[in-house]
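# Secondary and tertiary structure notes
Listed below are the residues making up each chain.
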2 protein chains.
Amino acid sequence: MSAGGTSGERRAPATLHDVAREAGVSLATASRSLNGSTRKVNEEYRQRVLAAAAKLDYSPNLSAQAVARGTSTTVALLVADIADPYFAQIAAGVVREADHEGLIVTMAATERDSERELELVRSLRGQRPRVMILAASRRAGDAASALLAEELRAFEANGGRVAFIGAVEAPYRSVPLDNAAGAESLARALVEAGYRGFAALTGAEGLRTAEDRLGGFIAGLAASGIALDPARIVRPAFTRDGGYDGMRTLIEQGLDDLEVVFAANDVMAVGAMSAVRDAGLVPGRDIAIAGFDDIPTARDVTPPLSTVRLPLEEIGRRALRLALGTLDEGDELPVRAEVVLRGSTPTRAS
Amino acid sequence: MSAGGTSGERRAPATLHDVAREAGVSLATASRSLNGSTRKVNEEYRQRVLAAAAKLDYSPNLSAQAVARGTSTTVALLVADIADPYFAQIAAGVVREADHEGLIVTMAATERDSERELELVRSLRGQRPRVMILAASRRAGDAASALLAEELRAFEANGGRVAFIGAVEAPYRSVPLDNAAGAESLARALVEAGYRGFAALTGAEGLRTAEDRLGGFIAGLAASGIALDPARIVRPAFTRDGGYDGMRTLIEQGLDDLEVVFAANDVMAVGAMSAVRDAGLVPGRDIAIAGFDDIPTARDVTPPLSTVRLPLEEIGRRALRLALGTLDEGDELPVRAEVVLRGSTPTRAS
DNA sequence: GCGCGACGGGAAAGCGTTGTCCTCCATGGC
DNA sequence: GCCATGGAGGACAACGCTTTCCCGTCGCGC
């Protein structure tokens, strides 16, 4: 257990005051030397300050700076579950872009609970972050939802910026994901590949992302004159295990003319594949499976998973740029959702 | 692109001062009513303050609190790559535990560059976090390493807490992972399963985690009187693609008597499996593969990946508790690394 | 040679909180 | 009836920093 803790004199961190004294200059000059102030400071003084800062291991107190300046350098990121590759990739994008901008990311997980989401937004607001990015899948119209809106309104009224990832949310900026259109394209592609018997695994009712994807998929089928049997729509949890369970349900219901299962996200699809295999069937051959997101794992399962690719990391970066207002010209393009057909949905000889 | 931004009067956030005025009490009373002060405050006043706070949408400025109190409620977490499931799971654990303790997590990614790591530690120090958790794989003895030590020393001298995840680091607290012992057990288990022809895919030289695991594996083989041919040790990047490339190298070198490949982490193993498959071979049948970590995906690839299980989320939580000094009795137990044999290393009829 | 900007250092007033005193008032003991 | 006691509100000095002012010093134009 490595005892830990250097013997340490436990002195308080050096303050700007200490640096100024050490360098023999005023507080103001020290401050001006160490941050990008507009005021010029005599090169000799500046060197003295820099030396003193180095000598004292000075590191500016960000909290104090935030208080004095009236603005922080923080970005708050809210996701449903950090360990979920979908959110992990988005987070990676946000962090990278933030780093690029010299901002610091604070992260919280809603654990897919809208009460918690509300609570977190509330507490995160205390940091006075420059922007708040909400990637957590929101449910429409539940009790917490109105309060959340209230909270965000207050945040923006105070000069904060909110960016949503996913569906377009009322008055806020958002990086819209083309969930419906992507799923629709996927449906068409599958029909074109010869599939006729469909089922869908989607998240709990009211989960925006899940709804949109399912809706798009149904629309895509409808466009080809195919109706999705409501009995073939299963709504387990929006997770890997949910996908597994949902697929089991489907299998227990009887496979009859079922040819392909659309899972509303890749982790569910992966779970579904495992369920198929555990039932003694071969995914892709006995039952085709398609997902959504194109998480890295999608390539590495067997057979490789057909899916709708979302540039997740790019989405994270863009959400931050959007909130910051630093979107470049080219960035205005909507995020493309692109169908990627792989081995899990082989072309079907019709 | 959803214009964004409520029309907003853009007034500054309500301050405690505003609340006090609204409630008709002093600043001190307002402060005492809104935070857990030891001082009692008249119930009527307290209600007035609460009402005023609610009315004004007051949210205490955490930075100001940090400055005034002299301590922050922040935890800084440093990982190599957020999108990597290994770090994502650890991060999830840290965030969950932090949330439990009412702390806020700020996250940064070193991108596996020790220069950046140093830089990040430096800048993170400015937040005066209560603890700093370093999960980023460190290289031993490079240039930045000494400076990093210096930086951490300063941080601890100022009352901060450092916790490492992985190898035990000199004077700091750490959650040691039994990399060597785990790999050693795995080697023994594989020998016991009938394997004789080994190869290893590990990370760049000097990468602590990779070295320890390789070392353990070699020791395990040695214990069974088997030597690992140095030509059969490949050192690509410590990532999925590294695993893929490394496996290709191995295949190009000729498979001869090669029976099983040990990849120093699961994402590499997954990459290696894909390389095997892309070479027209079947992982598990033609070449067995084992990894390390037991990331969630390990169960879902085909065949399921044999590996050494590390309770990653628990490790994250424990790192935080360790740094905070809130480890319970039972937590003193070292983290167990447990061999999990799955289909990727079928028992070999000898 | 004088006046006037421009320049740049330093004092000091914030920033939004907390915590220490100080004070006032009610209570209780003798 | 008086004084010690203590409980609770309020003023105010921090906390570590930024930024506005103020002011002395130059350099330059006339």
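Chain A has the name LacI family transcriptional regulator in an unreviewed UniProt entry, where Agromyces fucosus is given as its organism.

What follows covers the relation of the copies chain A and chain B. You can overlay chain A on chain B at an RMSD of 0.1 Å; the transform is a turn of 180° with a shift of 0.0 Å along its axis. On this basis, the relationship between the two copies can be described by a two-fold rotation axis.

This part takes up the protein's contact with DNA strand C. Near DNA strand C there are 29 residues, and of these Arg32(A), Arg39(A), Asn42(A), Leu16(B) and Ser31(B) occur at the shortest range. The backbone of Lys40(A) places a nitrogen or oxygen atom 3.4 Å from a phosphate oxygen of DNA strand C. At a separation of 3.1 Å, a phosphate oxygen of DNA strand C approaches a polar backbone atom of Asn61(B). Where the surface near DNA strand C is concerned, the elements lending two or more residues are helix H2 (27–34) and helix H4 (62–69) of chain A together with helix H2 (27–34) and helix H4 (62–69) of chain B. Broken down by element, the residue count for the surface near DNA strand C peaks at five residues, all from H4(B). Residue classes in the surface near DNA strand C are distributed as 14 nonpolar, nine polar and six charged.

Residue and element names in this part refer to chain A. Considering the arrangement of structural elements, one finds Val 308 in strand S10 (residues 307–309). A residue is classified by how much of its surface remains accessible, and Val 308, at 0% relative accessible area, is buried. Taking the C-alpha atoms as reference, Val 308 lies 9.7 Å from Arg 336; in sequence the two are 28 residues apart. For Val 308, the contacting residues outside a window of four places in its chain are Gly 182, Leu 186, Gly 291, Phe 292, Asp 293, Asp 294, Ala 337, Glu 338 and Val 339.

Further remarks concern the interface of chain A and chain B. The partner chain B presents 70 residues to the 71 residues of chain A that form the contact. A combined buried area of about 5900 Å² lies between chain A and chain B, and 51% of that area is made up of carbon and sulfur atoms. Between chain A and chain B we count eight salt bridges in total. Residues Arg96(B) and Glu111(A) are paired through a salt bridge, measuring 2.5 Å at the closest nitrogen-oxygen approach. The interface formed by chain A and chain B contains 21 residue pairs in polar contact (both at pLDDT 80 or more). The biggest single contributor to the side of chain A that touches chain B is helix H5 (residues 85–100) of chain A, with seven residues. Looking at the side of chain A that touches chain B residue by residue, the class counts come to 32 nonpolar, 18 polar and 21 charged.

Moving on, we come to the domain arrangement of chain A. For chain A, the domain assignment lists domain 1 (16–60), domain 2 (72–176) and domain 3 (179–309). Taking only C-alpha atoms into account, the centre of domain 1 of chain A sits 61 Å from that of domain 3 of chain A.

With that out of the way, let us pick up the pattern of salt bridges. Using the criterion set out here, one finds 58 salt bridges over all chains in the structure. Of the charged contacts in the structure, one is a salt bridge between Arg153(B) and Asp57(A), with a shortest N-O distance of 3.6 Å. One end of the pair, Arg153(B), is in helix H7 (residues 143–157); the other, Asp57(A), is in the loop between helix H3 (43–55) and H4, on a second chain. One salt bridge connects Arg240(A) with Asp241(A), and the closest N-O pair in it is separated by 3.1 Å.

Parameters at a glance
Residue numbering note: each chain is counted from 1, following its sequence as written. Here every chain gets a letter starting at A, and every ligand a number starting at 1, in the order they are written. Where local features are concerned, this predicted model is filtered to residues with pLDDT of at least 70; where side-chain atom pairs are given and counted, the filter is 80 or more; whole-chain, interface and lining totals use all residues. The basis for every side-chain value is the complete set of non-hydrogen atoms in the structure, without hydrogens or water. Copies are brought into register by a least-squares superposition over C-alpha atoms of residues with pLDDT of at least 70 in both. Think of it this way: one heavy atom of a residue within 4 Å of a molecule or strand is enough to make that residue near it. A 3.5 Å cut-off defines polar contacts: any pair of N or O atoms within that distance qualifies, except that in protein one atom must be a possible hydrogen donor and the other a possible acceptor, and neighbouring residues in sequence count only when both atoms are side-chain atoms. Each helix is a run of H or I in the DSSP string that is no shorter than four residues. Each strand is a run of E no shorter than two, and both are numbered from the N terminus. When residues are sorted by character, Ala, Val, Leu, Ile, Met, Phe, Trp, Tyr, Cys and Pro go into the nonpolar class, Asp, Glu, Lys and Arg into the charged class, and all the rest, Gly among them, into the polar class. With a 1.4 Å probe rolled over the protein chains alone, any residue whose accessible area is under 20% of its type maximum counts as buried; one over 50% counts as exposed, and the rest are partly exposed. Should any heavy atoms of two residues lie within 4.5 Å, those residues are counted as being in contact. Buried area is calculated as the accessible area (1.4 Å probe) missing from two parts once they are joined, with the contributions of both summed. Any carboxyl oxygen of Asp or Glu that lies within 4 Å of a side-chain nitrogen of Lys or Arg is treated as forming a salt bridge with it. Annotation comment: domain bounds sourced from an automatic or database domain assignment.

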